[in-house]
Amino acid sequence: MNRYLLPLSVLGTAVGGAVLLRDYVAGGVCPSKATIPGKTVIVTGANTGIGKQTALELARRGGNIILACRDMEKCEAAAKDIRGETLNHRVSARHLDLASLKSIREFAAKIIEEEEQVHILVNNAAVMRCPHWTTDDGFEMQFGVNHLGHFLLTNLLLDKLKASAPSRIINLSSLAHVAGHIDFDDLNWEKRKYDTKAAYCQSKLAVILFTRELSRQLQGTGVTVNALHPGVARTELGRHTGMHSSAFSSFTLGPIFWLLVKSPQLAAQPSTYLAVAEELEGVSGKYFDGLKEKPPAPEAEDEEVAQRLWAESARLVGLEMSGGSSVRGQPLPK
């Protein structure tokens, strides 16, 4: 019997060490215990993955949670799950298709009409490395959903967020932004051969540039906005990557994925932290890698690029720009 004790002890130590290393690499849980009773929260793409877990975490903390999703059947099911798990019955499902400017405007109009306040907006929904698809309005899908859709939604809800101050906007970007570049001559990949990876990186760089310029415009309003990289998570987002399409890749990369890839629950911790942490009151225009503030890629800090992207985005989605800086949220005259 004793001859098995040492190997078992070594195995136990190795497994324990591996789990600790994995937890360290994954970044840990939200350190803030702050609650948000009575605060209204909107989470886009909340029917699955990081969005659903973020909504659940914020529901646990007492928020009035609105799940904004394209697939209403899945959205209703997610809302039911969250209500059951948290015993918070203030969790509702609303239709929002970020690939449709019409849907975004309809969603925003209902929120403005029906909700007295909006305290937290989590722009979580995303498309990753899909085929060369276009939105209802003809935008390249990743740029259209990941950036333009949230750009329009946020601007349409700004007056409500300002009236509810102090309030927060959280934009989910990605570490992939470091490989991104904003090509103003071909934002929607109409002239070049489509590169789905480059398109994704461009869209996530655009999210940080939007965050930076919006933060500048919101100074003194009581509304903050920050961007974050949640980490690589086991979610449906990577369904177009082919990452697990072969037995060989699953076998050879499996241990690496186990170490580096977060559960949706862990990947939701940075969004939760930025939404509730009292120590982040007033912090704005920053980029967080997990739970820690870090500098983004140099292009993400280029103010001229950020302002140019804002103007171009406003033109594309049909927002009237007043005085060169503020956005009123009305369609441009045809």
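Quantities reported herein were computed from a predicted structural model and do not represent experimental measurements.

A. Broad picture of helix α6 (residues 196–217). For α6, spanning 22 residues, the distance from its first C-alpha to its last is 32 Å, which sits close to the expected 32 Å at 1.5 Å a residue. Capping of α6 at its N-terminal end is provided by D195; its side-chain oxygen lies 3.1 Å from the backbone amide nitrogen of K197.

B. Representation of the pattern of salt bridges in the model. Scanning the model with the defined rule gives 13 salt bridges in all. R94 serves as the salt-bridge partner of E114, at 3.5 Å between the closest nitrogen and oxygen. Within this pair, whereas E114 is found in helix α4 (residues 101–114), its partner R94 is found in strand β3 (residues 91–95), the two being separated by 20 residues in sequence. On the basis of relative accessible area, R94 is assigned to the buried category, the value being 17%. Salt-bridge contacts for D186 lead to R192; the nearest nitrogen and oxygen are separated by 3.0 Å. Counted as one network, the salt bridges with shared partners bring together E57, R60 and E85.

C. Looking closely at the nonpolar core. Residues I42, I104, L157, L161, I169, I182 and L214 are the most contacted members of the largest nonpolar core, which totals 52 residues. When residues of this core are traced back to their parent elements, those giving at least two are β2 (64–69), α4, α5 (141–163), α6, β6 (223–229) and α10 (303–317). Among the elements that make up this core, the one with the highest residue count is α5 (eleven residues). Residues C30, V41, C75 and V91 belong to the second largest nonpolar core, which totals 35 residues.

D. Layout of the sheet that holds β2. Strands sit in the order β3-β2-β1-β4-β5-β6-β7-β8 across an open sheet of eight strands; the sheet is mixed. Each of the sheet's edge strands pairs with one partner strand only, and the pair in question is β3 and β8 (292–293). Each of β1 (40–44), β2, β3, β4 (120–123) and β5 (167–172) touches helix α2 (residues 49–60); the most contacted strand, β2, lies at about 170° to it. Along the sheet face, helix α9 (residues 269–276) touches β4, β5, β6 and β7 (287–289) and points at about 160° away from the line of β5.

E. Main features of the packing of α6 against α10. Where α6 meets α10, the axes come as close as 9 Å, and the angle between the chain directions of the two elements is 90°. As summarised for this structure, α6 and α10 are arranged roughly perpendicular, according to the angle between their axes. On the side of α6, the interface is formed by A206, L209, F210, R212, E213, L214, R216 and Q217, while α10 contributes E303, V305, A306, Q307, L309 and W310. Among the residues forming the contact of α6 with α10, the class breakdown is eight nonpolar, two polar and four charged.

F. Spotlight on empty space enclosed by the protein. Summed over all chains, the structure comprises two cavities of 30 Å³ or more. When its volume is computed, the largest cavity comes out at roughly 60 Å³. Looking at the largest cavity, the residues that line it are N123, A125, A126, N146, H150, N171, L172, K204, V207 and F210. Taken together, the elements giving at least two residues each to the lining of the largest cavity come down to α5, β5 and α6. With three residues, α6 is the largest single contributor of residues to the lining of the largest cavity. Split into classes, the residues belonging to the lining of the largest cavity amount to five nonpolar, four polar and one charged.

So, how was this worked out
Residues numbered from 1 in each chain as written. Predicted model: local features only at pLDDT ≥ 70, side-chain atom pairs only at ≥ 80, totals over all residues. Heavy atoms only, no water. Helix = DSSP H or I, 4+ residues; strand = E, 2+ residues; numbered from the N terminus. Expected span 1.5 Å × (residues − 1). Polar contact = N/O pair within 3.5 Å; in protein donor to acceptor, adjacent residues only side chain to side chain. Salt bridge = Lys/Arg side-chain N within 4 Å of Asp/Glu carboxyl O. Buried < 20%, exposed > 50% of the residue type's maximum accessible area, 1.4 Å probe, protein only. Core = buried A, V, L, I, M, F, W, Y, C linked by side-chain atoms within 4.5 Å. Pairing = 2+ DSSP bridges. Contact = heavy atoms within 4.5 Å. Axes fitted to C-alpha atoms, helices over the stretch in contact; angles between N-to-C directions. Parallel < 35°, antiparallel > 145°, perpendicular 65-115°, else oblique. Nonpolar A, V, L, I, M, F, W, Y, C, P; charged D, E, K, R; others polar. 1 Å grid on protein atoms, 1.4 Å probe; cavity = no way out; pocket = protein on both sides within 12 Å on 5 of 7 lines; lining within 4 Å. Points joined across faces, edges and corners; volume = space filled by probe spheres on them.

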